[in-house]
Amino acid sequence: MLNPNDYVGVSFWIISAAMVAATYFFTVERDRAVGKWKTSLTVAAMVTGIAAIHYFYMRGVWIDTKASPTVFRYVDWLLTVPLQIVEFYLILAAIAVVRAALFWKLLVASLVMLIFGYLGEVKEMPYWIAFGVGMAGWLYIVYEIFIGEASQISASQGTAASQTAFNALRWIVTVGWSIYPIGYVLGASAGPEGAAALNIVYNLADFVNKIAFGVVIWVAATSSSEEA
Ligand SMILES: *C/C=C(C)/C=C/C=C(C)/C=C/C1=C(C)CCCC1(C)C
């Protein structure tokens, strides 16, 4: 049963429903987008769809045991984070010739971030060393999209809609993704308070980064259809 005082459990329910609704929305709205943008909306729907499935299970683990559903969480991220990297690449590739090496660099950095985060959370590695390595992976992605190759491509060759999408996605990866390490830090305190803080923060972060992320793409996708 869902206890009304269990605010973490309530957040698992709200986000499960929101992920399903978002998946439906992006799928249906795909019809309004032109050409290359259709694929971007498909990927956005895949991200929220994959998350919806995991939220159903994570919600059950939390409500039954009050423990962090760490394995489900990371299985979800292992699929959805690379898909978001694909999304970046699609936006850039739609407007310019982009080296595949850029995609692989971003992908590897995101995997380093997730693998070490997982090893720290399941205590296979010292918590803070794993955190440091994970942070390095994330900071590398931030560097690449603000200063490195990805940012130069967008600035020099983007259309108005793609530049808007790219800028918004940058802020999601910087500000939106920064919520996750906060959850990890709060999760360091042992016991039920640590687990509650970690899960409420991760749930909020997923809401922002999966649903708001898709909405940003939807805005760009539908505004460029109207121009065309
Ligand atoms: C849909 C899920 C997303 C966008 C998940 C993103 C996850 C992160 C940005 C995780 C970041 C972490 C670090 C930067 C340091 C190590 C701990 C992590 C894995 C929580």
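Everything below is about the structure shown above.
Residues numbered from 1 in each chain as written. Predicted model: local features only at pLDDT ≥ 70, side-chain atom pairs only at ≥ 80, totals over all residues. Heavy atoms only, no water.

### Comments concerning the packing of helix α5 (residues 127–146) against helix α6 (residues 149–157)
No. 1: Interaxial distance between α5 and α6 falls to 4 Å at its minimum, and their mutual angle equals 25°. On the basis of their axis angle, the class for α5 and α6 is roughly parallel. Packed against α5, whose contacting residues are Glu144, Ile145 and Phe146, the element α6 presents Glu149, Ala150 and Ser151 at the interface. (Axes fitted to C-alpha atoms, helices over the stretch in contact; angles between N-to-C directions. Helix = DSSP H or I, 4+ residues; strand = E, 2+ residues; numbered from the N terminus. Parallel < 35°, antiparallel > 145°, perpendicular 65-115°, else oblique. Contact = heavy atoms within 4.5 Å.)

### Details of the environment of Ile91
No. 1: Mapped onto the elements, Ile91 comes out in helix α3 (residues 70–93).
No. 2: Look at Ile91 and you get buried, because its relative accessible area is 3%.
No. 3: Contact partners of Ile91, with chain neighbours within four places excluded, come to Trp37, Ser162, Ala165 and Leu169. (Buried < 20%, exposed > 50% of the residue type's maximum accessible area, 1.4 Å probe, protein only.)

### Notes on the site of the ligand
No. 1: Around the ligand sit 17 residues in total, of which Trp77, Gln84, Met113, Tyr180 and Lys210 are the nearest.
No. 2: Burial of the ligand by the surrounding chains reaches 100%, relative to a free accessible area of 530 Å².
No. 3: Elements with a contribution of two residues or more to the shell around the ligand: α3, α4 (100–121), α5, α8 (179–186) and α9 (191–227).
No. 4: Here the shell around the ligand is composed, by residue class, of eleven nonpolar, four polar and two charged. (Near = heavy atom within 4 Å. Areas by Shrake-Rupley, 256 points an atom, 1.4 Å probe, with all protein chains shown as cover. Nonpolar A, V, L, I, M, F, W, Y, C, P; charged D, E, K, R; others polar.)

### Points about the environment of Tyr202
No. 1: Tracing the sequence through the fold places Tyr202 in helix α9.
No. 2: Along the chain, Tyr202 and Tyr184 lie 18 residues apart, while their C-alpha atoms are 8.5 Å from each other.
No. 3: Residue contacts for Tyr202: discarding those within four places in its chain leaves Tyr55, Arg73, Tyr74, Trp77, Glu121, Tyr180, Gly183 and Tyr184.

### Regarding the packing of aromatic side chains
No. 1: Overall, the coordinates contain 19 aromatic pairs when judged by the stated rule.
No. 2: Judged by centre distance (5.4 Å) and plane angle (65°), the rings of Tyr74 and Tyr118 are edge-to-face. Of this pair, Tyr74 sits in helix α3 while Tyr118 sits in helix α4; the two residues are 44 residues apart in sequence, bridging distant segments of the chain.
No. 3: Counting every residue linked through ring pairs, the aromatic cluster contains Tyr74, Trp77, Tyr118, Tyr180 and Tyr202.
No. 4: Stacked on the ring of Trp13, the Lys or Arg Arg59 has its end atom at 3.6 Å from the ring centre.
No. 5: We note Arg170 situated over the ring of Phe146; from NZ or CZ to the ring centre the distance is 4.8 Å. (Phe/Tyr/Trp six-rings, centres within 6.5 Å; stacked < 30°, edge-to-face > 60°. Lys NZ or Arg CZ within 6 Å of the ring centre and 35° of its normal.)

### Considering the packing of α3 against α4
No. 1: Between α3 and α4, the shortest axis-to-axis distance is 10 Å and the interhelical angle comes to 165°. In terms of orientation, α3 and α4 fall into the roughly antiparallel class. Handedness of the α3/α4 crossing: right-handed. Listed contacts from α4 to Thr70, Val71, Tyr74, Trp77, Leu78, Val81, Pro82, Ile85, Val86, Tyr89 and Leu92 of α3 are Ala100, Leu102, Phe103, Leu106, Leu107, Ser110, Leu111, Met113, Leu114, Gly117, Tyr118 and Glu121.
No. 2: Split by residue class, the contact of α3 with α4 holds 19 nonpolar, three polar and one charged. (Left-handed = near helix turned anticlockwise from the far one by under 90°.)

### Topic: the pattern of salt bridges
No. 1: Applying the stated criterion across every chain yields a total of six salt bridges.
No. 2: Between Lys66 and Asp6 there is a salt bridge; the shortest N-O distance is 3.3 Å. Of this pair, Lys66 sits in the loop between α2 (36–65) and α3 while Asp6 sits in the segment before α1 (7–29), and the two are 60 residues apart along the sequence.
No. 3: The exposure class of Lys66 is partly exposed, given its relative accessible area of 41%.
No. 4: Among the residues examined, Asp6 registers a relative accessible area of 9% and is labelled buried.
No. 5: Asp206 is paired through a salt bridge with Arg73; the nearest N and O atoms lie 3.6 Å apart. (Salt bridge = Lys/Arg side-chain N within 4 Å of Asp/Glu carboxyl O.)

### Remarks on the side chain of Arg170
No. 1: Positionally, Arg170 belongs in helix α7 (residues 160–176).
No. 2: Here Arg170 sits buried without a salt bridge, and the closest side chain of opposite charge, Glu144, lies 10 Å off (N-O distance).
No. 3: Dropping the residues within four chain positions of it, Arg170 is found in contact with Phe88, Ile145, Phe146 and Ser151. (Lys, Arg positive; Asp, Glu negative; His and termini not counted.)

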